[in-house]
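Topology and contacts: notes
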Amino acid sequence: KQEVTQIPAALSVPEGENLVLNCSFTDSAIYNLQWFRQDPGKGLTSLLLIQSSQREQTSGRLNASLDKSSGRSTLYIAASQPGDSATYLCAVRIKAAGNKLTFGGGTRVLVKP
Amino acid sequence: DAGVIQSPRHEVTEMGQEVTLRCKPISGHDYLFWYRQTMMRGLELLIYFNNNVPIDDSGMPEDRFSAKMPNASFSTLKIQPSEPRDSAVYFCASSFNPGITEAFFGQGTRLTVV
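Definitions and limits used
- Sequence positions are assigned chain by chain, starting from 1 and proceeding in written order.
- Chains carry letters and ligands carry numbers; both start at the beginning, A for chains and 1 for ligands, and go up in the order they are written.
- With the structure being a predicted model, the display of local features is reserved for residues of pLDDT at least 70 and the display and counting of side-chain atom pairs for 80 or more, all residues being used for whole-chain, interface and lining totals.
- The side-chain values count all of the structure's non-hydrogen atoms but skip hydrogen atoms and water molecules.
- The contact criterion used is simple: two residues touch if any of their non-hydrogen atoms lie within 4.5 Å.
- Put simply, buried area is how much 1.4 Å-probe accessible surface two parts lose in total, over both of them, once they are put together.
- By definition here, a salt bridge exists when the distance from a side-chain nitrogen of Lys or Arg to a carboxyl oxygen of Asp or Glu is within 4 Å.
- Strands here are runs of E lasting at least two residues and helices are runs of H or I lasting at least four, both read from the DSSP assignment and numbered beginning at the N terminus.
- Residue polarity is assigned by list, with Asp, Glu, Lys and Arg as charged and Ala, Val, Leu, Ile, Met, Phe, Trp, Tyr, Cys and Pro as nonpolar; anything else, Gly included, falls into the polar class.
- Definition of nonpolar core: a set of buried residues of the types Ala, Val, Leu, Ile, Met, Phe, Trp, Tyr and Cys, connected through side-chain atoms within 4.5 Å.
- For each residue, the accessible area found with a 1.4 Å probe, counting protein chains only, is set against the maximum for its type, and the residue is called buried under 20%, exposed over 50%, and partly exposed in between.
- For Phe, Tyr and Trp, where Trp contributes only its six-membered ring, two rings pair if their centres lie within 6.5 Å, and the inter-plane angle classes them as stacked under 30 degrees, edge-to-face over 60, or tilted in between.
- What qualifies as a polar contact is a pair of N or O atoms within 3.5 Å, subject to a donor-acceptor requirement within protein and to the restriction that residues adjacent in sequence count only when both atoms come from side chains.

Counting residues at the interface gives 18 residues for chain A and 19 residues for chain B. Taken over both partners, the interface formed by chain A and chain B buries close to 1,500 Å², and the fraction arising from carbon and sulfur atoms is 52%. In terms of surface lost to chain B, no three residues of chain A exceed Leu 44, Asn 99 and Phe 103 of chain A, which account for 32% of the buried area on that side. Linking chain A to chain B there are 0 salt bridges. Residue assignment for the side of chain A that touches chain B shows that the elements contributing at least two residues are strand S4 (30–38), strand S5 (44–51), strand S9 (86–94) and strand S10 (101–103) of chain A. By residue number, the principal contributor to the side of chain A that touches chain B is S4 of chain A, which donates 5 residues. Tallied by class, residues from the side of chain A that touches chain B come to 7 nonpolar, 8 polar and 3 charged.

Moving on, we get to the nonpolar core. All names here are of chain A. Counting 24 residues, the largest nonpolar core has Phe 25, Leu 33, Trp 35, Leu 75, Tyr 88 and Val 92 as the members making the most contacts within it. Counting only elements with at least two residues in this core, the list comes to strand S3 (19–25), S4, S5, strand S7 (62–67), strand S8 (72–77), S9 and strand S11 (107–112). If you tally residues by element for this core, the top one is S9, at 5 residues.

Another point: the packing of aromatic side chains. One pass over the structure, following the stated rule, counts 10 aromatic pairs over all chains. Their ring planes at 35° and their centres at 6.4 Å tell us that Tyr 31 of chain B and Tyr 48 of chain B sit as a pair that is tilted. Here the residue Tyr 31 of chain B occupies a position in strand S4 (residues 31–38), and Tyr 48 of chain B occupies one in strand S5 (residues 42–50), the gap between them amounting to 17 residues. Tyr 48 of chain B carries the same exposure label as Tyr 31 of chain B, and that label is buried. Through a chain of ring-to-ring contacts, the aromatic side chains of Phe 36 and Phe 103 of chain A together with Tyr 31, Phe 33, Tyr 35, Tyr 48, Phe 91 and Phe 105 of chain B assemble into a single cluster.

Looking now at the side chain of Gln 38 of chain A. The residue Gln 38 of chain A is located in strand S4 in this model. The exposure class of Gln 38 of chain A is buried, given its relative accessible area of 10%. A distance of 3.0 Å separates a polar atom in the side chain of Gln 38 of chain A from the backbone oxygen of Lys 42 of chain A. For Gln 38 of chain A, the side chain forms a polar contact with the side chain of Gln 37 of chain B, separated by 3.0 Å. Sequence-distant contacts of Gln 38 of chain A, defined by excluding residues within four places in its chain, comprise Gly 43, Leu 44, Ala 86, Thr 87 and Leu 89 of chain A together with Gln 37 and Phe 91 of chain B.

Right, here's the structure in full:
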């Protein structure tokens, strides 16, 4: 059974510092991995999608890497801002589970002004 | 496109009552997913449809839960009868081709069963 883990569960950094969020998964036979942001009481906003054949994806201040062989993905957010405060979730789509997304527990981020 | 639209945003109901959650996927997306989010279990897939046909309902917790997709632009998730442990946020998501494209989520329905 695919397990997706995000450590730490919570993170607090001063404004301007770079954020590094980790995601690990046990089954490396994946189609893709998706990073989401969730604000309190809101839905999930898609940030980045990385296909299994890709090593990284970039969007503005966000960069996500994927190391399929070791079952890891890292989301980097450069020069953090208070507006980056949210919960960040990673989800993988594994081949054995068809089109189902399996989510990690999320990392709650607080960027202090 | 307005994105995935869910209604209602909030629902408070008494135990034993029927609850119906609604979802309109993004136009052109062939896949529709229903997820449930709780503090204890995080986000879990309940059921998903491809071209209006249910493909995997293994996450539906009990027979009290049912889902339908009568056409490409509308889906419902029904709980009958509802119980306090069904209290959660229910999300609908859609995707054009999950193997290669993103899944987009609605704002969710926060269900409270008292």
